[in-house]
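One letter stands for each residue in the lines below.
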Amino acid sequence: MSDNQSETMRLTFKGLLSIYLPEKTMIEVYERIELVCRRNNWGIAIDDSNSLDFVPMVKVEDSK
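Our subject in this report is the structure included herewith. Numbering of residues starts from 1 in every chain and runs along the sequence as written. Per-residue local features of the predicted model are confined to residues with pLDDT of at least 70, and side-chain atom pairs are confined, for both listing and counting, to 80 or more; whole-chain, interface and lining totals are unaffected and use all residues. The side-chain figures draw on all heavy atoms in the structure; neither hydrogens nor water molecules are used.

### Describing the pairing of strand β1 (residues 42-46)
Two strands pair under a simple rule: DSSP has to find at least two bridges between them. Helix and strand definitions follow DSSP, with helices as H or I runs of at least four residues and strands as E runs of at least two, each counted in order from the N terminus. Relative to strand β2 (residues 52-56), β1 is paired through 5 bridges, and the arrangement is antiparallel. Note on β2: the bridge partner recorded for Ala 45 is Asp 53. Connecting β1 to the next strand, β2, in antiparallel fashion are 5 residues, including Asn 50 with a positive phi near 65 degrees.

Given below as structure tokens:
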């Protein structure tokens, strides 16, 4: 790849956890985070500096 090209990689949150944690631990951590998010109506957002944050979910209506 030349100097003026960059490569973009997409990674799921679960995929990110799997890089740092053993599979059994990763699954447990992911499921607990997912449960807490559902109970509190949160989502996970990533800002421009690649920081993770929990944000309130908002209902979006489909445009017709």
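Read on for the rest.
### With respect to the layout of surface pockets
Approximately 240 Å³ is the volume found for the largest pocket. Forming the walls of the largest pocket are Leu 11, Thr 12, Phe 13, Leu 16, Ile 44, Ile 46, Asn 50 and Leu 52. Counting residues per element, the ones that place at least two in the lining of the largest pocket are α1 (13-20) and β1. Residue polarity follows a fixed list, in which Ala, Val, Leu, Ile, Met, Phe, Trp, Tyr, Cys and Pro are nonpolar, Asp, Glu, Lys and Arg are charged, and the others, Gly among them, are polar. Class assignment of the residues belonging to the lining of the largest pocket gives a composition of 6 nonpolar, 2 polar and no charged. Cavity: a set of points on a 1 Å grid over the protein atoms alone where a 1.4 Å probe fits but cannot get out. Pocket: an open set with protein on both sides within 12 Å along at least five of seven lines, its lining residues, like those of a cavity, having an atom within 4 Å of a point. Grid points are joined across faces, edges and corners, and a volume is the space filled by probe spheres set on the points.

### Comments concerning a nonpolar patch on the surface
A surface patch of nonpolar side chains, amounting to about 550 Å² of accessible area, comprises Val 36, Trp 42, Ile 44, Ile 46, Leu 52 and Phe 54. For the nonpolar patch, the secondary structure elements donating two or more residues are β1 and β2. Examining the composition of the nonpolar patch, we find that 3 residues originate from one element, β1, more than from any other. Looking at Leu 52, the relative accessible area reads 44%, which means it is partly exposed. Here a patch means residues that are over 30% exposed by relative accessible area and free of salt bridges, tied together within 9 Å if like-charged and within 5 Å if nonpolar (Val, Leu, Ile, Met, Phe, Trp, Tyr). Values of accessible area rely on a 1.4 Å probe in the Shrake-Rupley scheme; residue burial ignores everything except the protein chains shown. One speaks of a salt bridge when a side-chain nitrogen belonging to Lys or Arg is within 4 Å of a carboxyl oxygen belonging to Asp or Glu. Only protein chains enter the accessibility calculation, which uses a 1.4 Å probe. A residue is then buried if its area is under 20% of the maximum for its type, exposed if over 50%, and partly exposed in between.

### Considerations on the environment of Leu 11
Assignment of secondary structure puts Leu 11 in the segment before α1. In this structure Leu 11 comes out as exposed when scored by relative accessible area, which is 54%. Each C-alpha atom of the pair Leu 11 and Met 57 lies 21 Å from the other, and the pair is 46 residues apart in sequence. Throughout, a contact is declared for two residues whenever any of their heavy atoms are within 4.5 Å. Once residues within four sequence positions are removed from consideration, Leu 11 is found in contact with Leu 16 and Ile 19.

The quantities given are spatial measurements derived from coordinates; they are silent on function.
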